[in-house]
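If you want the building blocks of each chain, they are given just below.
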Amino acid sequence: MKFKEKIKQDILFGSFVTFGLADIAEYTALLGFDFIVIDNEHGILNQSTILDMVRAAQCQGVPAIVRCTHDNVENIHKALDMGAEGILIPVINTAEDARNIVKASLYAPQGDRGIAFFTRAARYGMIEDKNLYLKKSNEESFISIQVETAQSIKNLDEILSVEEIDMFFIGPNDLAASMGYSNSDPKVLETIKETIEKINKVGKIAGIFVNNSEEAKRAIEWGAKFILTSITPYMTRGAKKYLEEVRN
Ligand code: 3PY
Ligand code: MG
């Protein structure tokens with residue numbers, strides 16, 4: 001089943017991969033995560049590394065989503081041409097921002113994604129029916145955006161009205177910073193809870209970044225289904241604990 005359909009049915013647990021190495025993408029997939037998000041917002045990955053990472057995860061049967069920057073349409077095209085299951089676009093503040101992402105992600109008539117049939121997504125030209133490929137790509141690409149600023153929360157109703165967006169993701173770090181509070185401030189937590197509820201009310205999927213299982217459970221209780229963490233802090237904690245234990 002395609003990721004876009006699966007996330008409608010289940011709560012799924014994913015991890016960011018922030019190191020630019022196919023092995024780490026494969027390792028993360030093998031850990032048992034339901035999907036990975038390759039971070040090209042903050043990461044310093046180049047396109048061929050991202051492609052290797054997408055392929056590595058998919059070889060283990062795990063979907064790969066690429067987080068691109070919001071102002072670079074070219075990166076969206078490349079991620080989808082590589083055959084990533086979808087994209088995650090940060091810092092979307094208005095409905096117009098969201099519509100621009102849809103436009104870049106979909107082929108005509110819904111969008112203006114450039115057509116190429118020699119890409120990995122098009123099986124290097126070996127797809128049999130080109131029109132079917134274009135149609136299926138539009139139907140199956142998972143398009144998700146981040147609502148993570150005070151402005152995006154203010155414009156939430158309008159942003160949520162953009163039909164073709166499959167998932168609305170809350171970035172607690174940016175949200176808290178833009179609201180002027182710490183992540184654990186009750187005002188931030190209340191905003192996150194209300195945002196998830198609003199997303200669900202319009203029948204859309206809510207996603208969120210979590211630092212640990214407690215935060216994940218709380219977000220699930222509030223209605224989030226796309227639960228994204230990062231393996232890095234768990235590796236750090238495990239390694240530090242080991243060093244403490246052997247040195248004491
Ligand atoms: C944020 O918290 O701002 C994110 O984008 C996800 O970690
Ligand atoms: Mg963010």
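The rules behind these values
Residues numbered from 1 in each chain as written. Chains lettered and ligands numbered in written order. Predicted model: local features only at pLDDT ≥ 70, side-chain atom pairs only at ≥ 80, totals over all residues. Heavy atoms only, no water. UniProt positions renumbered as here; feature names shortened; annotations may be inferred. Donors = N, O, S within 2.8 Å, 3.2 Å for Na, K, Ca; no water. Helix = DSSP H or I, 4+ residues; strand = E, 2+ residues; numbered from the N terminus. Buried < 20%, exposed > 50% of the residue type's maximum accessible area, 1.4 Å probe, protein only. Pairing = 2+ DSSP bridges.

The name given to the protein in an unreviewed UniProt entry is 2-dehydro-3-deoxyglucarate aldolase, with the source organism recorded as Fusobacterium mortiferum. Quoted verbatim from the Sequence similarities (unreviewed entry) field of the UniProt record, the comment on the protein reads "Belongs to the HpcH/HpaI aldolase family."

### Here we look at the coordination of the magnesium ion (ligand 2)
Taken together, the protein ligands of the magnesium ion (ligand 2) are Glu148 (OE) and Asp174 (OD), with distances of 2.0 to 2.2 Å. In this pair, glutamate 148 is assigned in the loop between strand S5 (142–147) and helix H7 (150–154) and aspartate 174 in helix H9 (residues 172–179), connecting sequence segments 26 residues apart. Residue classification places glutamate 148 among the buried positions, given a relative accessible area of 1%.

### Re the pairing of strand S6 (residues 167–170)
Because side chains alternate across S6, one face comprises the buried residues Met167 and Phe169, and the other comprises Phe168 and Ile170, equally buried. Two elements, S5 and S6, share 4 bridges in a ladder whose sense is parallel. The residue bridging valine 147 from the neighbouring strand is isoleucine 170, located in S6. Pairing of S6 with strand S7 (residues 205–209) involves 4 bridges; the strand directions are parallel. Bridge assignment links phenylalanine 168 to a residue of S7, and that residue is alanine 206.

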